[in-house]
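So you can see what is in the structure, the chains are spelled out below.
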Amino acid sequence: MVKIIMHGCNGYMGQVISGLVEKDPGAQIVAGIDIADNGNNSYPVYTKAEDCQEEADVIVDFSSAKAVDALLDYSVNRQIPVVVCTTGLSEEQLKKVEEASQKVAVLKSANMSLGINTLLKLIQDAAKVLATAGFDMEIVERHHRLKLDAPSGTALALADSLNEAMDGKYHYVFDRSQERRQREDLEIGISAVRGGTIVGDHEVIFAGPDEVIEFKHTAYSKAVFGKGAIEAAKFLKGKPAGKYDMSDVIG
Ligand SMILES: NC(=O)c1ccc[n+]([C@@H]2O[C@H](COP(=O)([O-])OP(=O)(O)OC[C@H]3O[C@@H](n4cnc5c(N)ncnc54)[C@H](O)[C@@H]3O)[C@@H](O)[C@H]2O)c1
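Just so we're clear, the structure is a prediction, and the values are computed from it rather than from any experiment.

## Considerations on the sheet that holds strand β11 (residues 211-219)
The five strands are arranged β8-β9-β7-β10-β11 in an open sheet whose pairing can be described as mixed. If you trace the sheet from one side to the other, it starts and ends with β8 (171-173) and β11, each paired once. Taken pair by pair, the neighbouring strands of this sheet meet at an average axis angle of 20 degrees, ignoring direction. Each of β7 (136-143), β10 (200-208) and β11 is contacted by helix α4 (residues 114-130), which is oriented at about 170 degrees to β11, the strand it contacts most.

Set out below in structure tokens:
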């Protein structure tokens, strides 16, 4: 049983995780931390982290980048491992994550879905065979109409994973409308589609002479991130100081 402090407990993801944990005999939220509290949780909620002194195995964080510095200090001071899921951290904050990970276990991932993290591994094997044989690699991502950034951080992570498998020889092309030219060998094209309420689709296409292989991940709800975060918390319980990511959870 992993005992969790839920940081950002009253946000969208905090509530998703609260619902998932209620049905999971292997996890329990012992306390929540959030700047706003409506009193509607089955566990105590603290508006100041320092007031939260419950015994816990892991902190799970889905809050705001502004909250992450204080979160890391809290995690180090209390020696409780932390799963950092909040995105949009500055370079300085990423450095602080590194520093904290020398004193306590820190797992950080921009995409907590087990499916995407498995895909990141699978496409490396595919790239080594197919890109080496001359297949072109393209990524297409689709998200809801409210998403501000394009391409998605996950599409970039997929491209980085492909490129890493190919010893970093490739470069990325985001917009083919500006130049009239044929495709080059060592490029990974990344295209973004925005519309409706699509939670998140990512396709990795290997297009070769006369055959095409496609890998596709579809997120039907944000619960996939919550499930991954709970798996990460179970994994991180009792781990020594160090920096971890979802590839460690998948094994
Ligand atoms: N890694 C992933 O897979 C993944 C998936 C979904 C969302 N996210 C990220 O998680 C974060 C939260 O997402 P969300 O949709 O739940 O957002 P949200 O805005 O619904 O919830 C954030 C919560 O954090 C609370 N909060 C803000 N400042 C705080 C502070 N100083 N201390 C404690 N709590 C504080 C807010 O009051 C709010 O309840 C975002 O950065 C989002 O991009 C990551």
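There's more to say after this.
## Thoughts on the sheet that holds strand β1 (residues 2-7)
The strand order across the open sheet built from seven strands is β3-β2-β1-β4-β5-β6-β12, with neighbouring strands paired in parallel fashion. The open sheet is flanked by β3 (45-46) and β12 (242-244), the only strands paired with a single partner. Most of the contacts of helix α3 (residues 91-101) go to strand β6 (residues 105-108), to which it runs at about 145 degrees, and overall it touches β6 and β12.

## Focus: the domain arrangement of the protein
Here the protein is partitioned into domain 1 (2-108 + 223-250) and domain 2 (114-219). Look at where the C-alpha atoms of domain 1 and domain 2 centre, and you get two points 30 Å apart. Taken residue by residue, the interface counts five residues in domain 1 and five residues in domain 2. Summed over both partners, the interface of domain 1 with domain 2 buries about 530 Å², with 79% contributed by carbon and sulfur atoms.

## Re the site of the ligand
Contacts to the ligand come from 20 residues, most closely from Y12, M13, D34, T87 and M112. Within the backbone of C85, a nitrogen or oxygen atom sits 3.1 Å from a nitrogen atom of the ligand. Here S109 contributes a backbone N or O atom positioned 3.1 Å from a nitrogen atom of the ligand. A majority-of-atoms criterion places the ligand in the largest pocket.

## Details of the layout of surface pockets
Of the voids in this model, the largest pocket is the one considered here, and its volume is about 1600 Å³. Lining of the largest pocket is provided by 49 residues; of these, T87, S109, A110, N111 and T154 occupy positions nearest its centre. It is helix α5 (residues 153-165) that contributes the most residues to the lining of the largest pocket, seven residues altogether. Split into classes, the residues belonging to the lining of the largest pocket amount to 20 nonpolar, 19 polar and ten charged. Residue-level mapping places the lining of the largest pocket at the junction of two domains, with at least three residues from each of domain 1 (2-108 + 223-250) and domain 2 (114-219). Of the volumes computed, that of the second largest pocket is approximately 340 Å³. Lining the second largest pocket we find 17 residues, and of these H7, I33, I35, T47 and A67 sit closest to its centre. Sorting elements by how many residues they give to the lining of the second largest pocket places helix α2 (residues 68-78) first, with three residues. In terms of residue class, the lining of the second largest pocket is built from eight nonpolar, five polar and four charged.

## Some thoughts on the packing of aromatic side chains
Applying the stated rule across the entire model yields two aromatic pairs. Between F206 and F215, the aromatic rings sit 5.8 Å apart at their centres with planes inclined by 75 degrees, giving edge-to-face as the arrangement. Relative accessible area serves as the criterion here: at 0%, F206 is assigned to the buried category. A centroid spacing of 5.8 Å and a plane angle of 75 degrees characterise the contact between F235 and Y244, whose relative ring orientation is edge-to-face. For the pair shown, F235 and Y244 are each scored as buried. Over the ring of Y12 we find K222; its NZ or CZ atom is 5.0 Å from the centre of that ring.

What counts and how
- Every chain's residues receive numbers from 1 upward, in the order its sequence appears when written.
- With pLDDT at 70 or above as the cut-off, local features in this predicted model cover only qualifying residues; side-chain atom pairs require 80 or more to be listed or tallied, and sums for whole chains, interfaces and linings still use all residues.
- Excluded from the side-chain calculations are hydrogens and water; all other atoms, namely the structure's heavy atoms, are used.
- Here, a strand pair is defined by DSSP locating no fewer than two bridges between the strands.
- Segments assigned H or I by DSSP are reported as helices when at least four residues long, segments assigned E as strands when at least two residues long, and all are numbered from the N terminus.
- Axis geometry follows a simple rule: fit a line to the C-alpha atoms, using only the stretch in contact for helices, then measure angles between N-to-C directions, giving values from 0 to 180 degrees.
- Two residues qualify as a contact provided that any one of their heavy atoms is within 4.5 Å of a heavy atom in the partner residue.
- An automatic or database domain assignment supplies the start and end points of every domain.
- Throughout, buried area stands for the accessible area (probe radius 1.4 Å) lost by two parts on being put together, summed over both.
- Residues are counted as near a molecule or strand when any one of their heavy atoms sits within 4 Å of it.
- Between N or O atoms, a polar contact is any pair within 3.5 Å; within protein, one atom must be a potential hydrogen donor and the other a potential acceptor, and residues adjacent in sequence are included only when both atoms are from side chains.
- Of the grid points, spaced at 1 Å and generated over the protein atoms alone, those admitting a 1.4 Å probe that cannot get out make up cavities, while open sets with protein on both sides within 12 Å along at least five of seven lines make up pockets; any residue with an atom within 4 Å of a point is treated as lining.
- More than half of a molecule's atoms within 2 Å of the grid points is what it takes for that molecule to sit in a cavity or pocket.
- Grid points are joined across faces, edges and corners, and a volume is the space filled by probe spheres set on the points.
- The classification used treats Ala, Val, Leu, Ile, Met, Phe, Trp, Tyr, Cys and Pro as nonpolar, Asp, Glu, Lys and Arg as charged, and all other residues, Gly among them, as polar.
- When two rings of Phe, Tyr or Trp (its six-membered ring) have centres within 6.5 Å they constitute a pair, described as stacked for plane angles under 30 degrees, edge-to-face for angles over 60, and tilted for the intermediate range.
- The cut-offs for exposure are 20% and 50% of the maximum accessible area for each residue type, with area from a 1.4 Å probe on protein chains only; residues under the lower value are buried, those over the upper are exposed, and the others partly exposed.
- Note on geometry: a ring has a charge over it if NZ (lysine) or CZ (arginine) is within 6 Å of the ring centre and within 35 degrees of the ring normal.

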